[in-house]
Amino acid sequence: MSPVLREAIILAAALEYEYIWIGSLCIIQDDQKDWENEAPKMGSVYGHAAVVFAAYGRNLGIEKIPSVEISDPTRSGNSPTIAREEIDHGVFFSVPENPDSWFGRGWCLQERFFAPRIVHFGGAGEELYFECNSGMECECGYISERDNCNLKARIATALLDIQPPIDYSFACNEMWKDYIDVCEDYTSRGLAFATDALPAVSSLMGFFAPYLGAYYAGLWEKYLIPSIGWEVLCTPMSKRTESYVAPSFPWASRTAPVIWDWIYGDINTIPTPETYHFAQVVDVSYIPTTNDTNGQIAMGHINLRVFITQMTIESTDGSECSGLEIGDDKRRGGVLCHIGHNPGSG
Ligand SMILES: [Zn+2]
């Protein structure tokens, strides 16, 4: 058994917990059927845990790197001065730069979201961090986030807003914006298997279901048009997944972070199903591969009715534009686009 599992079991016993749930032991490894049964239950598993231990290294680091006694010329007598190396809190929480860390792993997002309490073990040279639904704090107090700092607290606020007589569409907008934040965070994390892209947030997506309508491979019925308005954060990193994960229109079809850059602060400006008029969904469907309708899919498609816009592309430096692709950033010269709306097309 690895040191991290052994230490987690010792710690659970020391805290007088009778049971411990460990993914790599409680889900039969290499058994596809068992994985399909267990993956959709992750939200429930973490949601019902008394406490979740999050480890960042090969062990929990219960055995700390000892502090050292230093000579302090300003002090005299028998009281010693004890020192330890300064901790870099920024490194501990760096998500996208470190896909192997707990914060960087895609599967751990919903773990964090559902767990009522988490003790983060930073390893032998780090502190402990405690996180619950109202905030997070480290041992030295440098990290001390309260109230609406985390997504869990924000969604709880959005839920309060959704009660009548408060404007329902406003609260749904808030909920959809929280969903966007979840997707941006999630796609910045790493996954060992690209095909886990939808299953690893299955429980989390289920949380939004009562407010955002039917779910289509990572997208929501009520905000389908704005939901497909994502773009990749870093083009060279972003590729279509090698194994089939999703059709091209959901964010899950890409291997790298996505963002909804056109959404700015004011959620009242977000197009809602009542206000968007530039496109209509004719039909949309997908086929799940398991009983989990939020999980892996076999195929999906969307039919949209949209305006057609005619464009003429012309180079500003007089060079030939034939074969030019929009977004061709290798091209040095500037490009002018003449956009003309053709009212006859649709
Ligand atoms: Zn600290």
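Since this is a predicted model, take the numbers as computed values, not measurements.

Cut-off values and rules
Residues numbered from 1 in each chain as written. Predicted model: local features only at pLDDT ≥ 70, side-chain atom pairs only at ≥ 80, totals over all residues. Helix = DSSP H or I, 4+ residues; strand = E, 2+ residues; numbered from the N terminus. Buried ≥ 20, exposed ≤ 12 C-beta atoms within 10 Å, placed from the backbone. Contact = placed C-beta atoms within 7 Å. Pairing = 2+ DSSP bridges. Core = buried A, V, L, I, M, F, W, Y, C linked by C-beta atoms within 7 Å. Domains from an automatic or database assignment. pLDDT = per-residue confidence, 0-100. Expected span 1.5 Å × (residues − 1).

**Concerning the overall build of the chain**
Within the chain, the regular secondary structure consists of 10 helices and 15 strands. Expressed as a percentage of the 346 residues in the chain, the buried residues total 25%. Taking the contacts inside the chain whose residues are at least 6 apart along the sequence as the reference set, 59% of them involve residues at least 24 apart.

**Re the pairing of strand 6 (residues 135–138)**
With 4 bridges connecting them, strand 5 (residues 128–132) and strand 6 associate as antiparallel partners. In the strand pairing of strand 6, Glu131 is matched with Met136. Joining the antiparallel neighbours strand 5 and strand 6 is a turn of 2 residues.

**Section: the nonpolar core**
One finds Tyr179, Leu198, Phe208, Leu212 and Ala217 to be the most contacted residues of the largest nonpolar core, which totals 41 residues. Of all the elements in the fold, those that place two or more residues in this core are helix 4 (42–47), helix 6 (108–114), helix 8 (168–187), helix 9 (202–212) and strand 9 (219–220). The dominant element in this core, judged by the number of residues it contributes, is helix 8, at 8 residues. Of the residues that make up this core, three or more belong to each of domain 1 (3–147) and domain 2 (151–302). Setting aside chain neighbours within four positions, we find Tyr179 in contact with Phe208, Leu212 and Trp220. By size, the runner-up hydrophobic cluster in this structure holds 7 residues, among which are Ala55, Tyr56, Leu60 and Phe103.

**Points about unusual backbone geometry**
For Glu16, which is not glycine, the phi dihedral falls at a positive 65°. Checked against the element boundaries, Glu16 lands in the loop between helix 1 (3–14) and helix 2 (23–26). Judged by local crowding, Glu16 falls into the exposed class, with 6 C-beta atoms found within 10 Å. At Asp30, a position not held by glycine, the phi torsion is positive, near 65°. You can see Asp30 is positioned in the loop between helix 2 and helix 3 (32–38).

**Quick notes on the confidence of the model for the chain**
On average, residues of the chain score 79 in pLDDT, and 77% of them are at 70 or above. Scored below 50 in pLDDT, residues 325–333 shows 5 contacts in the model against residues more than four places distant or in partner chains. Here residues 339–346 is a poorly scored stretch, pLDDT under 50, and it has 9 contacts once near neighbours within four places are set aside; other chains count.

**Quick look at the environment of Phe249**
The residue Phe249 is located in the loop between strand 10 (231–232) and strand 11 (258–259) in this model. Between the C-alpha atoms of Phe249 and Leu219, which are 30 residues apart in sequence, the distance is 9.2 Å.

**Describing helix 1**
With 12 residues, helix 1 extends 16 Å between its outermost C-alpha atoms, agreeing within 8% with the 16 Å of an ideal straight helix rising 1.5 Å per residue. Two residues or fewer after helix 1 comes Glu16, characterised by a positive phi angle close to 65°.

**Points about helix 9**
Of all 11 residues in helix 9, 8 are buried, a share of seventy percent or more. For helix 9, every residue scored as buried is listed here: Ser202, Ser203, Leu204, Met205, Phe207, Phe208, Tyr211 and Leu212. Gly213, located one to two residues past helix 9, shows a positive phi value of around 85°.

**A word on the environment of Asp72**
Note on placement: Asp72 falls in the loop between strand 2 (68–70) and strand 3 (81–83). When the 12 C-beta atoms within 10 Å are taken as the criterion, Asp72 is described as exposed. Sequence separation between Asp72 and Ile82 is 10 residues, and the spatial gap between their C-alpha atoms is 9.5 Å.

**Observations regarding the environment of Phe121**
Among the structural elements, Phe121 can be located in strand 4 (residues 117–121). It is 7.2 Å that separates the C-alpha atoms of Phe121 and Phe53, two residues lying 68 residues apart in sequence. What Phe121 contacts, discounting residues up to four positions off in sequence, is Phe53, Ala54, Ala55, Tyr56, Leu60, Gly61 and Leu128.

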